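Listed below are the residues making up each chain.
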Number of protein chains: 2
Amino acid sequence: MPEENKFSFENLYSRRAPEGRPRVSTVKRGKYDFAVAYPDPKSIPFDGLVEGLQDALRVEGEDLAIYAHPQGYAPLREFVADKLARDRNIHVSPDDIILGDGSGQPIHMLIEVLIDPGDVALVEDFVYSGTLGQLRRFGADVRGVETDNEGMLPDALEGAITKATSQGKRPKMIYTIPTYQNPMGWTMTLERRKAMVEIANRHGVPILEDDCYADLRLDGDAQPTSIHSLDDSDSTMYVASFSKIIAPGMRIGYVTAPSAVLDRALVAKSGGSANTFASYAIHRYSTGQLDAHIEEINDVQRAKRDAMLAALGENFGDRAEWSKPNGGLFVWLKLPDGSDITSIRDDVLDKYDVGYHGGVNFAPDGTSGKNYARLCYGFNSPEEIHEGIAQLAQAFENEGAL
Amino acid sequence: MPEENKFSFENLYSRRAPEGRPRVSTVKRGKYDFAVAYPDPKSIPFDGLVEGLQDALRVEGEDLAIYAHPQGYAPLREFVADKLARDRNIHVSPDDIILGDGSGQPIHMLIEVLIDPGDVALVEDFVYSGTLGQLRRFGADVRGVETDNEGMLPDALEGAITKATSQGKRPKMIYTIPTYQNPMGWTMTLERRKAMVEIANRHGVPILEDDCYADLRLDGDAQPTSIHSLDDSDSTMYVASFSKIIAPGMRIGYVTAPSAVLDRALVAKSGGSANTFASYAIHRYSTGQLDAHIEEINDVQRAKRDAMLAALGENFGDRAEWSKPNGGLFVWLKLPDGSDITSIRDDVLDKYDVGYHGGVNFAPDGTSGKNYARLCYGFNSPEEIHEGIAQLAQAFENEGAL
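Residues numbered from 1 in each chain as written. Chains lettered and ligands numbered in written order. Predicted model: local features only at pLDDT ≥ 70, side-chain atom pairs only at ≥ 80, totals over all residues. Heavy atoms only, no water.

## Description of the sheet that holds strand 7 (residues 171-176) of chain B
Residues and elements named next belong to chain B.
Okay, so step 1: Taken in spatial order, the seven strands of this open sheet run 2-10-9-8-7-3-4, and their pairing is mixed. Only two strands of the sheet have a single partner each, and these edge strands are strand 2 (97-100) and strand 4 (141-145). Across the sheet, the mean angle separating the axes of adjacent strands is 20° when strand polarity is ignored.
Okay, so step 2: Examined bridge by bridge, strand 2 and strand 10 (residues 253-256) share four bridges and lie antiparallel to one another. Pairing of G100 across the sheet is with G253, part of strand 10.
Okay, so step 3: Of the strands in this sheet, strand 2, strand 9 (236-241) and strand 10 are in contact with helix 2 (residues 74-88), which crosses strand 2 at around 110°. (Pairing = 2+ DSSP bridges. Helix = DSSP H or I, 4+ residues; strand = E, 2+ residues; numbered from the N terminus. Axes fitted to C-alpha atoms, helices over the stretch in contact; angles between N-to-C directions. Contact = heavy atoms within 4.5 Å.)

## Quick notes on the interface of chain B and chain A
Okay, so step 1: Each partner contributes to the interface: chain B provides 95 residues, whereas chain A provides 96 residues.
Okay, so step 2: Surface buried jointly by chain B and chain A totals about 8,700 Å² across both partners, of which 57% is contributed by carbon and sulfur atoms.
Okay, so step 3: Connecting chain B to chain A are ten salt bridges.
Okay, so step 4: A salt bridge links B:R23 to A:D263, with the nearest nitrogen and oxygen atoms 2.8 Å apart. (Buried area = accessible area lost by both parts, 1.4 Å probe. Salt bridge = Lys/Arg side-chain N within 4 Å of Asp/Glu carboxyl O.)

## Here we look at unusual backbone geometry
Residues and elements named next belong to chain A.
Okay, so step 1: A cis geometry characterises the amide bond from N182 onward to P183, with omega recorded as 15°.
Okay, so step 2: Following the sequence through the fold, P183 ends up in the loop between strand 7 (171-176) and helix 6 (190-203).
Okay, so step 3: One non-glycine residue, Y180, lies in positive phi territory at about 50°.
Okay, so step 4: Assessed through its relative accessible area of 2%, Y180 is described here as buried. (Buried < 20%, exposed > 50% of the residue type's maximum accessible area, 1.4 Å probe, protein only.)

## Considerations on the sheet that holds strand 11 (residues 321-322) of chain A
Residues and elements named next belong to chain A.
Okay, so step 1: The strand order across the open sheet formed by four strands is 11-12-15-14, and the pairing between neighbours is antiparallel. Each edge of the open sheet carries a strand with a single partner, namely strand 11 and strand 14 (357-358).
Okay, so step 2: Relative to strand 12 (residues 330-334), strand 11 is paired through two bridges, and the arrangement is antiparallel. By the bridge assignment, W322 is partnered in strand 12 with L333.
Okay, so step 3: Across the sheet, helix 9 (residues 276-316) touches strand 11, strand 12 and strand 15 (372-376), and the angle it forms with strand 12 is around 20°.

## So, helix 6 (residues 190-203) of chain B
Okay, so step 1: End to end, helix 6 of chain B covers 20 Å across 14 residues, agreeing with the expected 20 Å (1.5 Å per residue, within 8%).
Okay, so step 2: Along helix 6 of chain B, the residues that are buried comprise B:R192, B:R193, B:A195, B:M196, B:V197, B:I199 and B:A200. (Expected span 1.5 Å × (residues − 1).)

## Some remarks on the confidence of the model for chain A
Okay, so step 1: Chain-level pLDDT for chain A is 95 on average; 99% of the residues reach the 70-or-more range.
Okay, so step 2: Two numbers describe this predicted complex: its pTM, 0.96, and its ipTM, 0.96. (pLDDT = per-residue confidence, 0-100.)

## A look at the environment of A:T187
Residues and elements named next belong to chain A.
Okay, so step 1: As for its placement among the helices and strands, T187 is situated in the loop between strand 7 and helix 6.
Okay, so step 2: Taking the C-alpha atoms as reference points, T187 and Q223, separated by 36 residues in sequence, lie 7.7 Å from one another.
Okay, so step 3: Each residue touching T187, except ones within four places of it in the same chain, is listed here: N149, E150, P178, T179, Y180, R193 and P224.
Okay, so step 4: Reaching out from T187, the side chain makes a polar contact with the backbone nitrogen of Y180 at a distance of 3.1 Å. (Polar contact = N/O pair within 3.5 Å; in protein donor to acceptor, adjacent residues only side chain to side chain.)

## Let's talk about empty space enclosed by the protein
Residue and element names in this part refer to chain B.
Okay, so step 1: In total, this model carries four cavities of 30 Å³ or more according to the counting rule given.
Okay, so step 2: Along the wall of the largest cavity there are 13 residues; nearest its centre are K83, D211, D215, Y238 and Y254.
Okay, so step 3: Only helix 2 and strand 9 provide two or more residues apiece to the lining of the largest cavity.
Okay, so step 4: The element that contributes the greatest number of residues to the lining of the largest cavity is helix 2, accounting for four residues.
Okay, so step 5: Grouping the amino acids of the lining of the largest cavity by side-chain chemistry returns seven nonpolar, one polar and five charged. (1 Å grid on protein atoms, 1.4 Å probe; cavity = no way out; pocket = protein on both sides within 12 Å on 5 of 7 lines; lining within 4 Å. Points joined across faces, edges and corners; volume = space filled by probe spheres on them. Nonpolar A, V, L, I, M, F, W, Y, C, P; charged D, E, K, R; others polar.)

## As for the relation of the copies chain B and chain A
Okay, so step 1: Least-squares fitting of chain B to chain A yields an RMSD of 0.0 Å, with the transformation described by 0.0 Å of translation along the axis and a rotation of 180°. Such a turn and shift between the copies fits a two-fold axis. Taking C-alpha positions as the reference, the residue of chain B nearest the rotation axis is B:A278, at 3.3 Å. (Least-squares fit on C-alpha atoms with pLDDT ≥ 70 in both.)

Given below as structure tokens:
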């Protein structure tokens, strides 16, 4: 049609409308796909999920005709409550849990409920890009807090709160991934968890604990108890999901939070109840088989992690440093200061078929971390990981980064 | 714990945070459940969905390990594009479609992108309560436009736009359910659709067409073409879903909209891609069997509608008026002016086990329509519908409404 007849929405968008991102038909992935935190594709329990689904459909399938409880399928919320009590020392009622689309939707709901443009959110100095994206979309002033291999440095956290307050800005949340942190891989110690709770409580700042990787323990010490369990003041919000222990395509995660926050988060949730069809399958499968499945996938991932660490040693030697995670899905690779592996990412993907995410993706300031990369070992086989890391080292050499 | 140690979120909520609604453990439903627009529970194609799911898992199940395209499973978007072209004369690419959680999430996304507090949204004088709720949550000034059995009156629509403009408010959207309207049941004529497009275009107001019931044709004339297909200016947004033709618990709906709007709506979407597990099942099932299934459920619903209309005649006679819908899922019941069946709703549910929604739920002003009720015939059997409507008439008599 002639352009002059076209309708313009330009003056109609709301002030809160996000900027659009051009849509793309397909997202390019590498043969060696170390970019996204996928679980092992070959371990997804198809048969168990289908059997579970069929059982649920026989017993209560007609309830698919009904709009489910807005907090999600009650038996799955009961399962989650039991699991949280057993594994994370979190004692909440199924009524205090909302199921959502992965953990991403619950994180979105909590950010919407708490963050106005300009509000300060404190996060680890490198952290999950999805949360950074949501915080930015809601206009947060996102500030990184220095970490070492035990989590945020308490002095740095306290300093960041004090600084924000002295600027007339009250920090609205501390977001942390304390266990098998994404992307850095460390686990926050018990002492650091206690220190975070103490500092947060004293300054009146709530904590959002993202525990998505807690089940993916490969070796090392048992994990410290959850931050939520250490907080007597009822100021910690907690999210996790089935994405890493069953599959992201199931799109089921969950949140528990102080009651008044949860009431508001539920209203902010869009799309009604979390998917009942997928919840049926996850509930029936998980009740009998999830524990054994987690052991099985951790055996698989341990071999993959070991393959990646070995391959990094063989191909990078002392030309780089990298984390040795005891769990989770990624290795955090550091090249010498001054090298830039973030900006060559697309070239490496196109020319060498190796995918990764540059460190800048995980930087609260959006500019630090050029010489870092996150390498996920969940998707490829150990053999492919060996090939892919060799290819990656070659790519970095050829592109002048090593 | 002692109350004084409790953390207070009171000063931490964002300005845009919705008010919380107290959560409830269970939502009470009547034995005769005419309240919610459920499809027939006994017609849900469990076997077909499971077979479709199994086929998809065999062929591409490992992709559940991958975070899917943010717009949703591509083959299902292709199916939707083909169906829209064939059935609704809407010709868009699968790249111009986003799958969401039912139609509710797409409606939420579009409202977030367009509505600031105080913006005017024009809707039919009674209309779907879910959209009214979302519009109110985003602070819209929601105004009803008078309708007759052919849709909004063009003069009333033009008058409402002119009035808003003269008040310094530009209407941001016209929301309409043109086919088997919820709750009133009429279908907008072709002439009215053309008039709406002409008026909307002339005043620069976009249309949001909600076509969730279009497949549920029971009898009467063939439906007019979609509003989207009549709008050459590219100003119409269109949502629909699989909730009424497969099941709400599948939680899959979709939206197509002008490209720049869709770019923004995608960013506003939370929770990543729509559920892949459910999309697999819907896609495989729909490709071969959806058309026949729709014919089958319409046969079932026709008998239920006829049962409800007959029971209304037998039990209400000339003491009330009601719609005679040619499709969709509900009858719109009107009692004499002055009677109030909205405020006795909970009593009728508790004492007589009959559920319905009072007319006020569907009123843009939140106060009109006390003497109306929406009665859905999807859930109960024809026999139960006869019993339930008799019970309802008795309840209205006993409670002083008839």
